[in-house]
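Notes for the structure review
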Amino acid sequence: MFNNDDNRAISAIRSLSIAQIEAANSGHPGLPMGAAPMAYVLWNKFLKANPKNSSWFDRDRFVLAAGHGSALIYSLLHLTGYDVSLDNLKKFRQLHSNTAGHPERGHIDGVEVTTGPLGQGIAQAVGLAIAEKHMAALYNKEDAQIIDHYTYALCGDGDLMEGVSYEAMSLAGHLNLSKLIVLYDSNDVCLDGATNTTFSEDMKKRAEALNWNYIFVDDGRDLDKIYEAINHAKGNWHGPTIIEIKTVIGYGSTNQGTNKVHGAPIGAEDFKRAKEIYEWNEDDFSIPEDIYKTFEEGIAHTGSKENQKWDELLEFYKENYREDYNNLMAGINRELPENFMDEVRKYSSEDKALATRASNGEIIQDLAKITPNFWAGSADLFSSNKTNIKDTIAFTDRTPEGRNIYYGVREFAMAAIGNGIMAHGGSWHHVSTFFVFTDYLKPAIRLSALSKLPLTYVMTHDSIAVGEDGPTHEPIDQLAMIRAIPNTIMLRPADANETRLAWEIALESKESPVVMALTRQSISNLKETENINDIEKGAYIISDAKGTPDLILIATGSEVELALESKKLLQKDGKNVRVVSMPSMELFRKQDEAYRQEVLPKEVKNKVSIEMATTFGWAEWTGSDGLNIGIDSFGLSGKGNEVTAEFGFTPEKISEKINDKYYKA
């Protein structure tokens, strides 16, 4: 099936990858040199993608999970006709280049997800496959398979050592994601030396234990065997497939098969030798026309034809299934009905007190009615997070139309899979767990932000008011941690109405993940929030002073009510107090100086922050004369109200601290 044209194309991939690394004097040549044959077979013989229309919705998705081998995907993108030039490749790993050290979604044409942190690529691939399965169930018709594509990933030993890969593969097998295929570049070498110093698993047994299919290819240079393996994997309809392909890392180098070629340039002389082995006589970054033609006859030709067929199918779908078509396109374009928040309940101060996790659960039910593309997920805590959609079923192999993903106790994988779902496009998804467990999934939140993926994180049990579960479950440092992640919106709403408006921010976000921190304990629905229309400015005056205040109390979440109660005590002593609710530091920081001054004028020196978490970061708003009331230790186990009182979160103790700071004679 394969001929010399294919071998030359593989030599081009290898040589172009090495040339990038040599030009940068930085990079990882081992993977591109060893894995080029499997990548070529996949890309030019199987991958359904249109390089001239890289956002075509029904394309196959490819994830280079082993993101350190980025030179490989950049070579493939250029050779197959994506908007990636030779000049781009020549600037590999250079400042302001789009060929970054590791592939970044949105940074360069054709890269589906950001990879590099090992393991997360596999998890995101699982998310891509879940999204395809769910949307196919929602929208496909017998005469119109409008969603029908595969997800492929190329991983290495390091990916499979990371714990998140076990979590993600476990769920993928459980959900029978048969359209997920992982190519495992099995070269027996990792950065520090032979893989067997740290990794001796039987991959076949591991795969089968996780309900995956396993295929073994004993020679990573045998194109026919690789082709047969992928073709066989596409015929598996019971479970995802991992294909272990034995390769030689750094094939062609004098140091092939050793860790010396993992993460350092091979040098000019060794590159010259490798090109002789590849029978490649071209100068660096010089690609003959016949190479481009080989790719044009492969992925570029078939992808263009498949894209055209799909466009025609979409027109048929539009004519025959107009409502589904409109919903599908709204999801793809991330568009919600005008004034959609009018359909979401509002709360009165006359309503019973509710934990914000509870009001959030009610709000979710309203949102679920607005669009079928809204779905939920939780790490074995739906009953506690209250984030499930009630009038639907679980997403399973047999019911992929279900709108609740039961992620199990897999917090990190849940978030990374959520990133894959959002990268796939077409839906709004939220994931949930206890706020303290952001510790487990923080790397995925960071990747959400870096990738500009607007995944919503709903985190409940947001403070020491958790009570009896004790300090292991009482978040202290997590608010500051999340607030420190660039391009992340942290929201801690004060009550049900602020929670409602937090969802408007989350659903309208285009490029930023949103993290909500919600209470376990019941809190009042505040009279002061009944008429607010938005919290998009991050902070606002919830209760003002008469004229210029001499004291400003700034609070978030459940502590806003505490600040309002503290104001009443302070006013009895003649203090002129303003209370500011600050659900989001990040959004407030983005406002112009005039608005920030309106809310927190510089001339008012007496500013107090009130938050049941670390005081770290609050000085930005309270200033050098500020008083930051928080918790700079771990929590305690006991009844929630007793724990909060022990830490001084009562109106009386708050007022006492303020008087001691500012008004003591």
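In this text, all values refer to a predicted model and were calculated from it rather than measured experimentally.

Turning to the overall build of the protein, a few remarks are in order. Assigned secondary structure in the protein consists of 24 helices and 18 strands. Against the globule reference of 26 Å for 665 residues, the protein gives a C-alpha radius of gyration of 28 Å, in line with a compact fold. Here the protein holds 665 residues, and the buried ones make up 62% of them. Nonlocal contacts in the protein, meaning residues at least 24 apart in sequence, comprise 77% of its contacts between residues at least 6 apart. Summed over its atoms, the accessible surface of the protein is roughly 25,700 Å², and 45% of this surface lies on carbon and sulfur atoms. Across the protein, the 68 positively charged side chains and the 96 negatively charged ones have centroids separated by 3 Å.

With that out of the way, let us pick up the side chain of Ser584. With respect to the secondary-structure elements, Ser584 resides in the loop between strand 16 (577–581) and helix 20 (585–589). At 3.1 Å, the side chain of Ser584 forms a polar contact with the backbone nitrogen of Leu587. When sequence neighbours within four positions are dropped, the list of residues in contact with Ser584 reads Ile489, Met490, Leu491 and Gly538.

With that settled, the discussion passes to the UniProt feature "binding site: thiamine diphosphate" (unreviewed entry) in the protein. Here the UniProt feature "binding site: thiamine diphosphate" (unreviewed entry) sits at His68, Gly116, Pro117, Leu118, Gly158, Asn187, His262 and Phe437. Taken along the chain, the residues just named run across 370 residues; in space they spread out, the farthest C-alpha pair reaching 35.1 Å. Beyond its immediate sequence surroundings of up to four residues, His68 is in contact with His28, Leu31, His102, Leu118 and His262. Taking relative accessible area as the criterion, Gly158 reaches 23% and is therefore assigned partly exposed.

The sheet built from five strands is open, its strands ordered 1-2-3-7-6 with parallel pairing. Strand pairing shows two members of the sheet lacking a second neighbour, strand 1 (61–64) and strand 6 (213–217), which therefore form its edges. Pairs of neighbouring strands in the sheet enclose a mean axial angle of 15°, with direction left out of account. The pairing of strand 2 (residues 151–155) with strand 3 (residues 180–186) spans five bridges and is parallel. Bridging across to strand 3, Thr151 finds its partner in Leu180.

Attention now goes to the UniProt feature "binding site: substrate" (unreviewed entry) in the protein. Per the UniProt record, "binding site: substrate" (unreviewed entry) is found at His28, His262, Arg357, Ser384, His461, Asp469, His473 and Arg520. For this annotated set, covering 493 residues, the C-alpha atoms extend up to 48.4 Å from each other, a dispersed arrangement in space. Looking at the secondary structure, you find Arg357 in helix 13 (residues 356–370). Look at Arg357 and you get buried, because its relative accessible area is 14%. Among the structural elements, Ser384 can be located in helix 14 (residues 382–385).

The alternating pattern of strand 13 (residues 514–517) places Val514 and Met516 on one face and Val515 and Ala517 on the opposite face, and all of these are buried. Across four bridges, strand 11 (residues 456–460) lies against strand 13 in parallel orientation. Paired with Val458 across the strands is Met516, a residue of strand 13. Sheet topology note: the strand 12 (residues 489–491)/strand 13 ladder contains three bridges and is parallel.

Moving on: the packing of helix 1 (residues 4–24) against helix 10 (residues 268–278). For the pair helix 1 and helix 10, interaxial distance at closest approach is 10 Å and the crossing angle is 175°. Considered as vectors, helix 1 and helix 10 are oriented roughly antiparallel to each other. Contacts from Ser11, Arg14, Ser15, Ile18, Ala19 and Glu22 in helix 1 reach Ala268, Phe271, Lys275 and Tyr278 in helix 10. Residues belonging to the contact of helix 1 with helix 10 are distributed by class as follows: five nonpolar, two polar and three charged.

Here we take up the pattern of salt bridges. In total, this model carries 26 salt bridges according to the counting rule given. With its nearest N and O atoms 3.2 Å apart, the salt bridge here joins Lys275 to Asp284. Taking the relative accessible area as the measure of exposure, Asp284 reaches 39% and is therefore partly exposed. For Glu559, the salt bridge identified is with Arg492, shortest N-O distance 2.6 Å. Residue Glu559 is located in helix 19 (residues 559–572), and its partner Arg492 is located in the loop between strand 12 and helix 18 (496–508); the two are separated by 67 residues in the primary sequence. Exposure remark for Glu559: the relative accessible area of 0% places this residue in the buried category. When salt bridges that share partners are traced, they join Glu132, Asp148 and Lys179 into one network.

This part is about the domain arrangement of the protein. Here the domain parsing of the protein yields domain 1 (4–305), domain 2 (344–529) and domain 3 (540–663). Taken over C-alpha atoms, the centre of domain 1 sits 33 Å from the centre of domain 2. Of the residues lining the interface, 31 residues belong to domain 1; the matching set on domain 2 comes to 33 residues. For the pairing of domain 1 and domain 2, the buried interface totals around 2,700 Å² over both sides, and the portion due to carbon and sulfur atoms is 66%. A per-residue breakdown of the area domain 1 buries against domain 2 is headed by Arg105, Gln120 and His134, which together make up 21% of the total. If you look at where domain 1 meets domain 2, you find one salt bridge. Residues Lys133 and Asp397 are paired through a salt bridge, measuring 2.7 Å at the closest nitrogen-oxygen approach. Here domain 1 and domain 2 share 12 residue pairs in polar contact (both at pLDDT 80 or more) between them. Those elements that provide at least two residues to the side of domain 1 that touches domain 2 are helix 5 (120–139) and helix 7 (163–174). Element by element, the count of residues in the side of domain 1 that touches domain 2 is highest for helix 5, at 15 residues.

What counts and how
Residues numbered from 1 in each chain as written. Predicted model: local features only at pLDDT ≥ 70, side-chain atom pairs only at ≥ 80, totals over all residues. Heavy atoms only, no water. Helix = DSSP H or I, 4+ residues; strand = E, 2+ residues; numbered from the N terminus. Rg over C-alpha atoms; globule rule 2.2 N^0.38 Å. Buried < 20%, exposed > 50% of the residue type's maximum accessible area, 1.4 Å probe, protein only. Contact = heavy atoms within 4.5 Å. Areas by Shrake-Rupley, 256 points an atom, 1.4 Å probe, with all protein chains shown as cover. Lys, Arg positive; Asp, Glu negative; His and termini not counted. Charge placed at Lys NZ, Arg CZ, Asp CG, Glu CD. Polar contact = N/O pair within 3.5 Å; in protein donor to acceptor, adjacent residues only side chain to side chain. UniProt positions renumbered as here; feature names shortened; annotations may be inferred. Pairing = 2+ DSSP bridges. Axes fitted to C-alpha atoms, helices over the stretch in contact; angles between N-to-C directions. Parallel < 35°, antiparallel > 145°, perpendicular 65-115°, else oblique. Nonpolar A, V, L, I, M, F, W, Y, C, P; charged D, E, K, R; others polar. Salt bridge = Lys/Arg side-chain N within 4 Å of Asp/Glu carboxyl O. Domains from an automatic or database assignment. Buried area = accessible area lost by both parts, 1.4 Å probe.

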